[in-house]
Amino acid sequence: MRRAGRELLSLALMDARNHTLHLLSHFEQTIEPPATDRPELERPLWLAGHIGWLAEYWIGRNPKRGLGFACPADALRLASIEPMADGWFSPALAPRAARWTLDLPDMEAIRAYLLHTLESTLEVLEKTPEDDESLHFFRAALFHEDLRCEQLVVLAQTLGQPLKLALPAAMQPRQALGIPARRWQLGSPHGGFVFDVEKWAHEVQVPEFEIDAQLVTWGQFVEFVDDGGYDMPQFWLPQGWEWLQREAQAEGRRGPRYVEQIGAASGAVMQSLFGRPARMSASQSAMHLSWWEADAWARWAGRRLPTEVEWEMAACTASRQGFRWGDVREWTASTLRPWPGFEADGWTRHTDFEAQPNFGAARVQRGASFAARSRMKHPKFRGFALPERDDAFVGFRTCSL
């Protein structure tokens with residue numbers, strides 16, 4: 001999909017909008033701000049309207065869209081089909097703290113705006129040349145919508161909204177994989193659509209390493225809990241231990257987020273899933289873990305988290321040897337930093353996916369979640385989050401020391 005032409009893009013954009021509308025229908029009653037200050041709790045109506053707004057702002061309203069990545073972020077824009085769209089859905093005019101109290105239109109009006117903006121996007125696409133620059137913002141709008149839909153699924157989990165979505169299948173135990181030393185092109189090359197945080201491919205020398213063929217499972221994580229891992233500061237980095245103490249004081253935390261029961265004594269892992277308690281198989285990947293928890297487990301086990309280049313190498317070269325990924329996003333040991341030649345895309349300034357403010361603080365996530373569309377599953381995709389974030393469907397695997 002990163003190199004998709006007009007016909008495939010048209011089908012994908014329609015598929016993405018249908019998925020947005022389907023997810024939005026699960027939030028019909030979510031109109032009041034939750035009684036919490038958690039930063040991840042976005043207003044569903046705002047997210048949906050913002051999806052349509054961003055596509056319209058960078059495509060239908062943007063006379064210079066044909067410049068692609070080179071299009072200036074502050075280029076002149078045409079008027080929106082909805083006169084209030086900028087005030088409602090532009091992050092510059094509607095900061096996060098104000099979104100729950102904005103006087104947004106009702107659900108039906110948001111649906112109509114989504115359908116109208118899709119129609120105008122597809123009309124412009126029909127007349128667009130088949131080259132990377134001309135198609136850049138159509139691809140950006142598609143992947144932005146896919147990322148926002150994943151965010152809506154995570155939001156349903158956070159708010160306890162019922163949603164029918166199957167968990168990844170349980171895993172059969174496999175031996176860790178030995179990956180030989182080599183030089184590796186880390187990042188994405190020129191051509192097609194590339195997220196700015198993946199720019200650009202550059203050669204890295206990687207020593208040999210051993211990496212888990214699969215993610216750490218609930219059965220493995222329970223052993224850490226039963227051994228008192230949440231009470232042993234020697235396995236936690238100082239900042240992680242401070243985070244854990246705050247969480248413990250606030251909600252008595254002694255396990256991953258949404259877990260209601262965990263440990264050999266309880267006989268099972270019970271984790272709330274879209275508002276209902278669900279029994280987790282011992283051979284399913286552990287999820288809703290912060291980076292601090294993943295790092296602490298690895299230290300307790302005498303292992304370490306993989307660097308992002310190790311993860312990428314394994315995903316690209318060891319799938320036939322049993323390297324399984326795509327169940328949940330995966331924490332890596334790497335701190336988010338710009339790569340040689342990095343230059344921010346203008347459109348990301350209007351999203352939660354702008355990399356620059358997170359450089360040096362966020363940790364890199366690799367892989368893809370079962371909550372994401374299949375076209376988001378790409379070995380070069382470079383996600384990121386602050387180490388305390390545990391609301392998304394995120395797990396981890398480890399490497400030998």
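Residues numbered from 1 in each chain as written. Predicted model: local features only at pLDDT ≥ 70, side-chain atom pairs only at ≥ 80, totals over all residues. Heavy atoms only, no water.

Caption draft 1: Region of the structure containing the nonpolar core. Counting residues in hydrophobic clusters, the biggest one holds 100 residues, and the most contacted among them are Phe89, Phe195, Phe221, Trp236, Phe393 and Phe396. Excluding residues within four positions of it along the chain, Phe221 makes contact with Val216, Tyr230, Pro256, Ile262, Ala286, Leu289, Glu293, Trp297 and Phe396. Residues Leu177, Ile179, Met313 and Trp325 belong to the second largest nonpolar core, which totals 18 residues. (Core = buried A, V, L, I, M, F, W, Y, C linked by side-chain atoms within 4.5 Å. Buried < 20%, exposed > 50% of the residue type's maximum accessible area, 1.4 Å probe, protein only. Contact = heavy atoms within 4.5 Å.)

Caption draft 2: Expanded view of the sheet that holds strand β7 (residues 276-280). The three strands lie next to each other as β5-β6-β7, forming an open sheet whose pairing is antiparallel. The sheet is open, and its two edges are formed by β5 (259-261) and β7, each paired on a single side. When the angles between neighbouring strand axes are averaged without regard to direction, this sheet yields 40°. As paired strands, strand β6 (residues 269-273) and β7 are joined by five bridges and run antiparallel to one another. Note on β7: the bridge partner recorded for Met270 is Arg279. (Pairing = 2+ DSSP bridges. Helix = DSSP H or I, 4+ residues; strand = E, 2+ residues; numbered from the N terminus. Axes fitted to C-alpha atoms, helices over the stretch in contact; angles between N-to-C directions.)

Caption draft 3: Main features of the pairing of strand β9 (residues 329-335). β9 sits mainly inside the fold: five of its seven residues count as buried. Where β9 and strand β12 (residues 394-395) come together, two bridges link them in parallel fashion. Each residue of the ladder has a partner; that of Glu330, found in β12, is Gly395. Pairing analysis gives three bridges linking β9 to strand β10 (residues 363-366), with the strands arranged antiparallel. Residue Glu330 lies in a different strand from β10, and its bridge partner there is Arg366.

Caption draft 4: Quick peek at the packing of aromatic side chains. For the structure shown, the criterion picks out 25 aromatic pairs. Seen in terms of ring centroids, Trp297 and Phe396 are 5.7 Å apart; in terms of plane orientation they differ by 65°. Their pairing is edge-to-face. Pair noted here: Trp297 is in helix α8 (residues 291-300) and Phe396 is in the loop between β12 and β13 (399-400), with a separation of 99 residues, a long-range link. The pair Trp297 / Phe396 is uniform in exposure class, with both members buried. Among the aromatic side chains, those forming a connected cluster through ring pairs are Phe221, Phe224, Tyr230, Trp236, Trp241, Trp297, Trp300 and Phe396. Its end group placed over the ring of Phe69, Lys199 keeps NZ or CZ at 3.6 Å from the ring centre. It is Arg382 that lies over the ring of Trp339; its NZ or CZ is 3.8 Å from the centre. (Phe/Tyr/Trp six-rings, centres within 6.5 Å; stacked < 30°, edge-to-face > 60°. Lys NZ or Arg CZ within 6 Å of the ring centre and 35° of its normal.)

Caption draft 5: Quick peek at the side chain of Gln214. By the secondary structure assignment, Gln214 is in the loop between β4 (209-211) and α6 (218-226). A distance of 3.5 Å separates a polar atom in the side chain of Gln214 from the backbone oxygen of Gln172. With sequence-adjacent residues up to four places away left out, Gln214 is seen in contact with Met171, Gln172, Pro173, Arg174, Arg324 and Arg397. (Polar contact = N/O pair within 3.5 Å; in protein donor to acceptor, adjacent residues only side chain to side chain.)

All we've got here are geometric facts, nothing functional implied.
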